[in-house]
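An overview of the molecular structure
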Amino acid sequence: MSHGPSPAPDAAPGSEPARPVVCTTRPLPGGPFAGPFARLAQEVDLRPGLEALAEAEGLVCFPGDPVDAALMARAPRLRAIATVSVGYDHIELPAAAARGIVVTHTPGVLTAATAELTFALMLAAARHLLAGDRLVREGGFRGFDPELLLGLELEGACLGVVGAGRIGSAVAERALAFGMRVLYHSRRPRPALEARGCARAPSLAALLEQADVVSLHVPLTAETYHLIGARELALMRPHAILVNTARGPVVDEAALVEALARGRPAAAALDVYEREPALSPGLAALPNAVLLPHLGSATARTRRRMAELAVAGLLDALAGRPPDHAVPLPDAPSAHPSS
Ligand code: NAP
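Residues numbered from 1 in each chain as written. Predicted model: local features only at pLDDT ≥ 70, side-chain atom pairs only at ≥ 80, totals over all residues. Heavy atoms only, no water.

Turning next to the sheet that holds strand 1 (residues 21–24). Strand order in this open sheet of five strands is 2-1-3-4-5, and the pairing throughout is parallel. Every interior strand has two partners, whereas the edge strands, strand 2 (45–47) and strand 5 (102–104), have only one. The average angle at which neighbouring strand axes cross in this sheet is 20°, direction not considered. Relative to the sheet, helix 1 (residues 34–43) contacts strand 1, strand 2 and strand 3 (58–61), its axis offset from that of strand 2 by approximately 130°. On the sheet, helix 11 (residues 300–318) packs against strand 1, strand 3, strand 4 (80–83) and strand 5 and is oriented at approximately 170° with respect to strand 4. (Pairing = 2+ DSSP bridges. Helix = DSSP H or I, 4+ residues; strand = E, 2+ residues; numbered from the N terminus. Axes fitted to C-alpha atoms, helices over the stretch in contact; angles between N-to-C directions. Contact = heavy atoms within 4.5 Å.)

Have a look at this one:
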């Protein structure tokens, strides 16, 4: 029995059914993506790029590539969108819902990689790794100095996890192994985290007031846009560190630049930016900011697994099977309004 996608509906009777055209929002990456996309190309008519969008029934997209109503309008046959990411804030979901387009994403497989990168950022900021590296390279290392680059010790420090889902929980687990005290903020309680000794903060403000390190793991939604602004930054402890591996617009970046310039919070470690890849004026010049180019899931193992999941989701959706990881879509507006 074939597990391939159902043929294009307009295939002539008796003819070899046309394979559905699948486009991609960027040229196909190689490396760990090559195997999964080669398998996809056996099942569909894969046309990397957007040139064949007018014929496309499927679309593979990546974070940072907007898939909005205008793009969907150029693809009248589109039935399925697979993003190679867990976040789907770059896809205009109401437009997909209105057309009945299935959207899939890749949760879970990138949790460990992103949690590990969160710790890399946390340690880099807490222990002044970038300043130390620069000092050595620039010839400023004069031998052991008992007062050089004294940092924040994570053991015994309080981590505030904002958004205790898959990645936030994985960061909390790692923090416990470092001997940190963990507070979390989520809309729903997380009994599994509490069983491990983590405590739910009574409010976001309470978490910000108590944490030595605040780590953001909420999705970008209308509710989380600028969740951390000037008011929230001012609540943070003077020596605290803000880590963002979620999405840039969760933080008001201009307010963050101003706060860091004043030294409160003491440091920020960022993987994502409000207007990626552009940086807010002044951010790159701040010595108390650690800046990475959106590397959260960037390990070869994880990228291969993300590609495999995206390909499986797209093939399921094109074949009319319910994909394992469909993005919940908002209710589509009724096509026949009663009034
Ligand atoms: P997830 O399992 O859905 O976790 C997100 C959590 O945020 C949910 O458990 C949700 O819990 C909480 N949340 C949602 N809205 C909230 C709000 N308004 N206030 C407080 N908490 C809220 O997602 P995940 O797999 O952990 O991924 C999280 C995000 O990380 C993704 O959406 C993506 O944007 C980002 N990410 C970035 C990278 C990178 O490369 N830097 C890599 C992977 C993921 P409640 O519903 O209980 O509130």
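Having seen the structure, we can now continue with the description.
Attention shifts here to the site of the ligand. Inspection of the region around the ligand gives 27 residues, with Arg 166, Ile 167, Arg 187, Arg 190 and Asp 271 positioned closest. Arg 190 is positioned such that a nitrogen or oxygen atom in its side chain is 2.8 Å from an oxygen atom of the ligand. Taking Glu 223, its side chain carries an N or O atom lying 3.2 Å from a nitrogen atom of the ligand. Isolated, the ligand exposes 910 Å² of accessible area, and the fraction of that covered by the protein chains is 91%. Partitioning the shell around the ligand into residue classes produces eight nonpolar, 12 polar and seven charged. (Near = heavy atom within 4 Å. Polar contact = N/O pair within 3.5 Å; in protein donor to acceptor, adjacent residues only side chain to side chain. Areas by Shrake-Rupley, 256 points an atom, 1.4 Å probe, with all protein chains shown as cover. Nonpolar A, V, L, I, M, F, W, Y, C, P; charged D, E, K, R; others polar.)

Here we take up the domain arrangement of the protein chain. What the domain assignment reports for the protein chain is domain 1 (21–109 + 299–318) and domain 2 (111–138 + 150–291). One C-alpha centre belongs to domain 1, the other to domain 2; they are set 30 Å apart. Across the boundary between the two partners, domain 1 contributes nine residues, which contact five residues of domain 2. Of the roughly 590 Å² buried between domain 1 and domain 2, counting both surfaces, carbon and sulfur atoms make up 51%. Of all residues in domain 1, Val 86, Asp 89 and Gly 108 bury the most surface against domain 2, accounting for 55% of the area lost on that side. The interface formed by domain 1 and domain 2 contains one salt bridge. Across the domain 1-domain 2 interface, the total number found is two residue pairs in polar contact (both at pLDDT 80 or more). Of the residues that constitute the side of domain 1 that touches domain 2, the class distribution is four nonpolar, four polar and one charged. (Domains from an automatic or database assignment. Buried area = accessible area lost by both parts, 1.4 Å probe. Salt bridge = Lys/Arg side-chain N within 4 Å of Asp/Glu carboxyl O.)

Applying the stated rule across the entire model yields three aromatic pairs. An angle of 65° between the planes, with centres 6.3 Å apart, marks the rings of Phe 33 and Phe 62 as edge-to-face. Here Phe 33, found in the loop between strand 1 and helix 1, pairs with Phe 62, found in the loop between strand 3 and helix 2 (69–73); they are 29 residues apart in sequence, far enough to count as distant. Residue Phe 33 is classed as buried on the basis of its relative accessible area of 9%. (Phe/Tyr/Trp six-rings, centres within 6.5 Å; stacked < 30°, edge-to-face > 60°. Buried < 20%, exposed > 50% of the residue type's maximum accessible area, 1.4 Å probe, protein only.)

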